[in-house]
Amino acid sequence: MNMIANSLKNYLKCRQIQINFHRFSAVLLDGKRISKQVQNEIKAKLDYRQKNGLKVPQLTVIQVGNNAASETYIKNKLAAAKYVGIDSKVINFNENVSEKDLISCIKDLNTDANVNGILVQLPLPNHIDKKLICNIINPNKDVDGFHYQNAGKMFYDIENSIKACTPLAVVEILKRSNIQTLGKTAVVCGRSKNVGLPIALLLQADSKKTKWGLDATVSICNRNTSRSQLSDLCKLADIIISATGVPNLITADIVKPGACIIDVGITRIQNENGTFKLVGDVNFEGVSKVAGHITPVPGGVGPMTVAMLMQNVLNTVES
Ligand code: L34
């Protein structure tokens, strides 16, 4: 009896060691660090341009209303612009601004030779047609890549398309972290035109036809995908990209051991004391014990989105 008890104790001890070993086994994909690295590379190019009397790009951000998240994101974009050496400016509109006034402002910026990049921060109030606004922007100044000409160029593998910053951020994290994608299985949760769908497009693109192709086999899930469907797909996935804004959508039990997890979701949750905390779509605590690589929230895709915006602005004067 004692022997059995002892061997059980030993077994549990071994299991414990194993469990401890698996705790935080995933490599953290540090978006903040990679973002700094990208920004430093952009800064070096812009320093060179400035020294040689070449044009320093200008970014104009349009903010409508005072959405708390937008305030933070715009602040981060302006700070990055300042760091890398991009001139920037914010135009603020009251949330009651008419569509007509917004359009006339954008048209002025479209023809202003001092403005290289135009960005209208989303979301916009309900009385304003987001699609209309995004498609009024001069496609050559559309540093968000939301204009249908830029989206269409990406669809058709045309080289000089401006691509959306969040999809570029996901790709850049994968590339700089040496995550293999060719022939791998990927699941994208979310099909939004600005995030989920373009991420899936970049992941599936053919590297023989475009320089950005990642050659993965991609499934795209949406709100109608059942939990069991999602689970079946994720369990087979080498890469999971989640961009839904649903906290705890991705749990450890549906993640293949060693998979790479990119969390694009950002949800603000109010603590009991009234302060806010940010969470992603991924149950980080559980999934980080199973996954091979994982991005945190905050400090993951968000800061990289800002870095890729700087890259898009630089491209407007380089190409
Ligand atoms: N037009 N609207 C337009 N272009 C965009 O590219 C965006 N997006 C999304 C919202 N609306 C947009 C952004 O800029 C999301 N987004 C964005 C930008 C920055 C960050 C996150 C999302 C970011 O910096 N996140 C940090 C801190 C966030 C915080 O403290 O609230 C992070 O560590 O995740």
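Note that the structure is a prediction, hence the values are computed from the model and not measured.

(A) Broad picture of the overall build of the protein chain. Per the secondary structure count, the protein chain includes eleven helices and eleven strands. For a compact globule of 319 residues, the expected C-alpha radius of gyration is about 20 Å, and the protein chain comes in at 22 Å, within 12% of that figure. Dimensions of the protein chain, computed from C-alpha atoms along their principal axes, come out at roughly 85 × 45 × 40 Å. When burial is assessed residue by residue, the protein chain has 45% of its 319 residues classed as buried. Taking as baseline every contact in the protein chain between residues at least 6 positions apart, the subset at least 24 positions apart corresponds to 70%. Averaging the coordinates of the 38 positive side-chain charges in the protein chain and doing the same for the 26 negative ones gives two points 5 Å apart.

(B) Spatial organisation of the packing of helix α2 (residues 31-51) against helix α7 (residues 165-176). At a closest axis distance of 11 Å, the pairing of α2 and α7 adopts a crossing angle of 95°. On the basis of the axis angle, α2 is roughly perpendicular to α7. Residues Ile 34, Gln 37, Val 38 and Glu 41 of α2 pack against Glu 172, Ile 173 and Arg 176 of α7. A class-by-class count of the residues in the contact of α2 with α7 yields three nonpolar, one polar and three charged.

(C) Spotlight on the sheet that holds strand β3 (residues 87-93). Reading across from one edge, β3-β2-β4 is the order of the three strands in this open sheet, with parallel pairing throughout. Taken across any chain shown, the strands that pair with only one partner, and hence form the sheet edges, are β3 and β4 (117-120). Adjacent strand axes in the sheet meet at a mean angle of 15°, parallel and antiparallel pairs treated alike. Examined bridge by bridge, strand β2 (residues 58-64) and β3 share seven bridges and lie parallel to one another. Within the sheet, the bridge partner assigned to Leu 59 lies in β3 and is Ser 88. Running at roughly 180° to β2, helix α4 (residues 99-111) makes contact with β2, β3 and β4 of the sheet.

(D) How the structure looks around the environment of Val 97. Relative to the helices and strands, Val 97 is located in the loop between β3 and α4. Val 97 gets classed as buried once you look at its relative accessible area, which sits at 8%. For the pair formed by Val 97 and Gly 280, sequence separation is 183 residues and the distance between their alpha carbons is 32 Å. Ignoring anything within four residues of it in the chain, the contact list for Val 97 reads Val 64, Leu 102, His 127 and Ile 128.

(E) Inspection of the packing of α2 against helix α11 (residues 301-318) at higher detail. At their nearest, the axes of α2 and α11 sit 8 Å apart, and the two run at 20° to each other. Regarding the angle of α2 to α11, the classification is roughly parallel. For the pair α2 and α11, the crossing hand works out as left-handed. Counted together, Gly 31, Lys 32, Ile 34, Ser 35, Val 38, Gln 39, Ile 42, Lys 45, Leu 46 and Arg 49 of α2 and Pro 303, Met 304, Ala 307, Met 310, Gln 311, Leu 314, Val 317 and Glu 318 of α11 form the full contact between these two elements. The class makeup of the residues in the contact of α2 with α11 is ten nonpolar, four polar and four charged.

(F) View of the packing of aromatic side chains. Across all of its chains, the model carries one aromatic pair by this definition. Centre to centre, the rings of Phe 155 and Tyr 156 are 5.0 Å apart; their planes meet at 75°, and the pair counts as edge-to-face. For Tyr 156, a relative accessible area of 61% translates into the label exposed. A cation sits over an aromatic face here: Lys 36 above Tyr 83, 4.2 Å from the ring centre.

(G) Just α7, in detail. Here α7 spans 16 Å end to end across twelve residues, near enough to the 16 Å set by a 1.5 Å rise per residue. Across the twelve residues that make up α7, a large majority, ten, are buried. Those residues of α7 lying buried are Cys 165, Thr 166, Pro 167, Leu 168, Ala 169, Val 170, Val 171, Glu 172, Ile 173 and Leu 174. Of the surrounding elements, those touching the buried residues of α7 are α2, α8 (196-204), β7 (239-242), β8 (260-263) and α11. Residue Asn 178 follows α7 closely and has a positive phi angle near 55°.

(H) Molecular detail of the pattern of salt bridges. Under the criterion given, the structure shown has six salt bridges. Ionic pairing is found between Lys 43 and Asp 47, a salt bridge with its closest N-O pair at 3.6 Å. One end of the pair is Lys 43 and the other is Asp 47, both in helix α2 and four residues apart, which spans about a single turn. Look at Asp 47 and you get partly exposed, because its relative accessible area is 29%.

(I) Spotlight on the sheet that holds strand β11 (residues 293-294). Taken together, the six strands give an open sheet; going across it, the order is β1-β11-β8-β7-β5-β6, and neighbouring strands pair in parallel fashion. The sheet terminates laterally at β1 (27-28) and β6 (217-221), the two strands that pair on one side only. As paired elements, β8 and β11 share two bridges and run parallel to each other. When the sheet's bridge partners are listed, Ile 261 is paired in β11 with Ile 294.

Cut-offs used in this document
Residues numbered from 1 in each chain as written. Predicted model: local features only at pLDDT ≥ 70, side-chain atom pairs only at ≥ 80, totals over all residues. Heavy atoms only, no water. Helix = DSSP H or I, 4+ residues; strand = E, 2+ residues; numbered from the N terminus. Rg over C-alpha atoms; globule rule 2.2 N^0.38 Å. Buried < 20%, exposed > 50% of the residue type's maximum accessible area, 1.4 Å probe, protein only. Contact = heavy atoms within 4.5 Å. Lys, Arg positive; Asp, Glu negative; His and termini not counted. Charge placed at Lys NZ, Arg CZ, Asp CG, Glu CD. Axes fitted to C-alpha atoms, helices over the stretch in contact; angles between N-to-C directions. Parallel < 35°, antiparallel > 145°, perpendicular 65-115°, else oblique. Nonpolar A, V, L, I, M, F, W, Y, C, P; charged D, E, K, R; others polar. Pairing = 2+ DSSP bridges. Left-handed = near helix turned anticlockwise from the far one by under 90°. Phe/Tyr/Trp six-rings, centres within 6.5 Å; stacked < 30°, edge-to-face > 60°. Lys NZ or Arg CZ within 6 Å of the ring centre and 35° of its normal. Expected span 1.5 Å × (residues − 1). Salt bridge = Lys/Arg side-chain N within 4 Å of Asp/Glu carboxyl O.

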